[in-house]
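Observations on the model geometry
So you can see what is in the structure, the chains are spelled out below.
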Amino acid sequence: MLQPPITPPAHADAALKRQGHAVLDAAGLCAALDTSPEALGRWPAFWNHLPPDQHLRDGGRYRKRRHGCFVVDGDQVSLVPHRAHWQPVEYNALHGGIERWFEPIEPALLQDPLWNRLLVVLAERASALRGPQPWYIEAHPFRIDTEGGIGRPTPEGAHRDGVDLVAVILVAREHIKGGETRVFEADGPHGLRFTMTQPWTTLLLDDSRVIHESTPIQPDGAGGHRDTLVITLRAGGFQGP
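Residues numbered from 1 in each chain as written. Predicted model: local features only at pLDDT ≥ 70, side-chain atom pairs only at ≥ 80, totals over all residues. Heavy atoms only, no water.

Below, the discussion takes up the overall build of the protein. Within the protein, the secondary structure is distributed over 5 helices and 13 strands. Over its C-alpha atoms the protein spans a radius of gyration of 17 Å, differing by no more than 12% from the 18 Å that the globule rule assigns to 241 residues. For the protein, the C-alpha atoms occupy an extent of roughly 45 × 40 × 40 Å along the three principal directions. In the protein, which comprises 241 residues, the share counted as buried stands at 53%. Sequence-distant contacts, at least 24 apart, represent 78% of the contacts inside the protein between residues at least 6 apart. Carbon together with sulfur atoms contributes 51% to the accessible area of the protein, which is approximately 10,500 Å² in total. Averaging the positions of the 24 positive and the 29 negative side-chain charges in the protein gives two centres separated by 3 Å. (Helix = DSSP H or I, 4+ residues; strand = E, 2+ residues; numbered from the N terminus. Rg over C-alpha atoms; globule rule 2.2 N^0.38 Å. Buried < 20%, exposed > 50% of the residue type's maximum accessible area, 1.4 Å probe, protein only. Contact = heavy atoms within 4.5 Å. Areas by Shrake-Rupley, 256 points an atom, 1.4 Å probe, with all protein chains shown as cover. Lys, Arg positive; Asp, Glu negative; His and termini not counted. Charge placed at Lys NZ, Arg CZ, Asp CG, Glu CD.)

This is the structure we're talking about:
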């Protein structure tokens, strides 16, 4: 497996501007959050309580998820009333154009002091990229499992999300093979591929410049799954019909 090209936290903003992507390792994310891996160790248990995704149009049963929406303005984080997740078909040909309602993120996770800190740090990266402003954030805890033999982290294929900044954080990877991350220039020939294996590895993407996908996973032992936290930040408002 190809290892991800790690970006020092101090260089993440420059890398996003230069090439449209950056990857922090666990130490880099902890440095950005001013915390320790032990503190983040409170989080993975929440992924054991994700309900099934009822909207998969490929007929699969391999994805579980929750959803939450926030507005971050400076260091102020506001949880907004629960709302549907919606994407246009231009960005998601498989699931676009429909309102998808998911169960909300558990309050105990949102009350962890590191949760708001993470959203503020990501908003700072978005402001460095686009200029200071309020950021409309959607958070998606995902579990892709291999109970049915194969799981698809991105069933829609290589895509953009219609936002400004995307963060893909690996929470856990257990008893699987596959799950290679691929990032391509949206308007050019270049790309890279690698596999995130270390928990808390964080991929940052300028969604206007790159498209991304993760390849299917297969079991490599019992109980195989890949847990991620995907957070998107968008200027001007949430996407909606």
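The subject of this paragraph is the packing of helix H1 (residues 12–19) against helix H5 (residues 113–130). For any two helices packed against each other, one specifies the crossing angle of their axes together with the interaxial distance. One way to put it is that H1 packs onto H5 with a least axis distance of 10 Å and a crossing angle of 45°. Classed by the angle they form, the pair H1 and H5 counts as oblique. Of the two elements, H1 crosses H5, and the hand of that crossing is right-handed. Each of Asp13, Leu16 and Lys17 in H1 lies in contact with H5, whose residues at this interface are Arg125, Ala128 and Leu129. A breakdown of the residues in the contact of H1 with H5 according to their chemical character gives 3 nonpolar, no polar and 3 charged. (Axes fitted to C-alpha atoms, helices over the stretch in contact; angles between N-to-C directions. Parallel < 35°, antiparallel > 145°, perpendicular 65-115°, else oblique. Left-handed = near helix turned anticlockwise from the far one by under 90°. Nonpolar A, V, L, I, M, F, W, Y, C, P; charged D, E, K, R; others polar.)

Along the chain, the position of Asp34 falls in the loop between helix H2 (26–33) and helix H3 (37–40). The spatial distance from the C-alpha of Asp34 to the C-alpha of Leu114 is 9.4 Å, given a sequence separation of 80 residues.

Right, let's talk about unusual backbone geometry for a bit. Residues other than glycine seldom take positive phi values, yet His175 does so here, at roughly 55°. Note that His175 resides in the loop between strand E6 (165–174) and strand E7 (176–178). What makes His175 partly exposed here is its relative accessible area of 43%.

So, on to the packing of H2 against H5. Where H2 contacts H5, the axes come no closer than 9 Å and their chain directions differ by 95°. Classified by the interaxial angle, the pair formed by H2 and H5 is roughly perpendicular. Together, Leu29, Ala32 and Leu33 of H2 and Leu114, Arg117, Leu118 and Val121 of H5 make up the contact between the two elements. Its residues placed into classes, the contact of H2 with H5 shows 6 nonpolar, no polar and 1 charged.

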